[in-house]
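Listed here are the chains, written in short residue letters.
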Amino acid sequence: MLFSRLRLFFLFIVICLTFAQKIISQNTKKNNLSIFSISYFKENKNLLNQEILLEDFQIMPKTNSFGLKNGTYWFKLILHKTVVIKNLIAYIPVHNIDLIEVYYLNENDLNFISSTGNSVSRNKLPIDFKFPAFKVNSNEVTENIYFLKVNFPKEANFPIKITNIKGFLKYQLDKKAINSFYYGTCLIIILLYVFLFIIIRDRTYLYYLFLLSSVVGIFFFYDGSLLHLFRGNEFYYKLESLTHISAQVWFFLFSIKFLNLKKRLPKFTKVLCFFPLHSICFYLGFLITKNYTLLAIADIIGVMLLPILWFCGVFSLRTIPSSKFYVLGYLFMVPFSLIFVISYPLGVYEVHGDMVFVKIATWLDILVFTYAISHRMKTKFVMKTNMLNDLC
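Position numbers for residues start from 1 in each chain and track the written sequence from start to end. Only residues with pLDDT of at least 70 are given local features in this predicted model, and only at 80 or more are side-chain atom pairs given and counted; all residues enter the totals for whole chains, interfaces and linings. Side-chain descriptors were evaluated using all non-hydrogen atoms of the structure, hydrogens and water having been removed beforehand.

Undergrad: Help me out: how do you make sense of the side chain of Lys175 in this one?
TA: Helix and strand definitions follow DSSP, with helices as H or I runs of at least four residues and strands as E runs of at least two, each counted in order from the N terminus. Tracing the backbone shows Lys175 in helix α3 (residues 165-200). Contact definition: two residues touch when any of their heavy atoms are within 4.5 Å. With sequence-adjacent residues up to four places away left out, Lys175 is seen in contact with Asp354 and Val356.

Undergrad: I tried to follow α3 on my own but got confused; where do I start?
TA: An α-helix turns once every 3.6 residues. As a result, residues three or four positions apart point the same way. End to end, α3 covers 52 Å across 36 residues, agreeing with the expected 52 Å (1.5 Å per residue, within 8%). Looking at the residues trailing α3, positive phi occurs at Arg201, about 60°. One less than the residue count of a helix, multiplied by 1.5 Å, gives the span that helix is expected to have.

Undergrad: What should I look at first to understand the sheet that holds strand β4 (residues 71-79) in this one?
TA: Within a sheet, adjacent strands bond to each other through the backbone by hydrogen bonds, running parallel or antiparallel. Should DSSP find at least two bridges between two strands, the strands are taken to pair. Strand order across the open sheet formed by six strands is β2-β1-β4-β9-β6-β7, with antiparallel pairing between neighbours. Here the strands that pair on one side only, and so sit at the sheet edges, are β2 (58-59) and β7 (109-116). As defined by bridge partners, strand β1 (residues 36-43) adjoins β4 across eight bridges and the pair is classed as antiparallel. Its bridge partner being in β4, Tyr40 is matched across the sheet by Phe75.

Undergrad: Before we go on, may I ask you to explain the pairing of strand β6 (residues 99-106) in this structure?
TA: Each regular strand displays side chains that alternate between the two surfaces of the sheet. For β6 and strand β9 (residues 144-152), the ladder comprises six bridges, and the chain directions are antiparallel. Note on β9: the bridge partner recorded for Leu99 is Asn151. Hairpin remark: β6 followed by β7, antiparallel, with two residues in the connecting loop; positive phi at Glu107, about 60°.

Undergrad: Explain the packing of aromatic side chains here, please?
TA: One pair of aromatic rings is described through two measures. These are the centre distance and the angle between the planes. Ring pairs shown here join Phe, Tyr and Trp side chains whose ring centres sit within 6.5 Å, with only the six-membered ring taken for Trp; geometry is labelled stacked below 30 degrees between planes, edge-to-face above 60, and tilted in between. This model, assessed by the stated rule, comprises 49 aromatic pairs. For the ring pair Phe129 and Phe168, a centre distance of 5.0 Å and an interplane angle of 75° mean the geometry is edge-to-face. Separated by 39 residues along the polypeptide, Phe129 in the loop between β7 and β8 (133-137) and Phe168 in helix α3 bring together distant segments of the chain. Burial here depends on accessible area, computed with a 1.4 Å probe over protein chains only, as a share of the maximum for the residue type. Under 20% is buried, over 50% is exposed, and the range in between is partly exposed. Since its relative accessible area comes to 3%, Phe168 is described here as buried. As a reminder, the over-ring test applies to NZ of lysine and CZ of arginine, requiring each to be within 6 Å of the ring centre and within 35 degrees of the ring normal. Over the face of the ring belonging to Phe197 we find Arg201, whose NZ or CZ atom lies 5.6 Å from the ring centre.

Below is the structure:
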């Protein structure tokens, strides 16, 4: 029986990862013109700009990510000649690029154009955008070649996108509309849970309130919403780690409480404590040493709680009727969170700060648990009414 459940568990994980990867890969192909090619060279020692021209540049990986191999990279960006589009905007939708120096190849000289990234103040950005962005040009006679010197303090993820000005403006408006709707919904639900906890004093509401607040905080970092606020401030990276710790702890406490695991499976609950405790140790190690590998390990350990506790909900369907809300609520969160959190540091698939499907999954989770609350309150009201009727 145990073996069959474990086999079902791993089969579910494989299916989820495959399903999420296909959807995310299809989404990344949109709004990206195929008029350029890019190659890279990893700088292991300080080189003069002219020396870069003599180096051999390699083909980019399909995921546009080098994972844990962070540091300084040079990218050779070639814009192919075209008669249709000339003025273009290149942007990289990731939140952990410290600095990008943009150079244009003029015969045998590299001419500095601009710089962008987290360490550049907002008034000095070539384009006022939360993610790194800069202008490039194409022409109909020759290829235009740019060299980009990029410093990655954490994951080396470089999913560069190039589009025209109209496409870039549309991209910005679409993201603002999505973020306004998503974060507005989250704010309303958070205030609702504050009110419910004050009235009912049920810790389940408190745990979910802090969990949702932590998840929103994480999304603020990934989608670049906080970049302008913390430009040039290293505390930005430490604060991001604290939101990850908070999300793991509150998700653990909420799941244990909602599924009543502490009473039903006390020994298994103690084993599950391994995940948040070890994650916290690795997060603290990262904050002390600034070794990004420790942060990646902490994130992966933490996200593995999702499928484990989700299956606990599946196995609780017969004994705890309300667990169906838990199973349904995290049905989409499991695959998308796994693919997103694991791919960000390891570079398995292409993921970046757009994260539309992850937000949709959490939004569905919010709807399900909001309905679960109303259902739970209605059930308690009916039970109390029946008790009063029996007494009368």
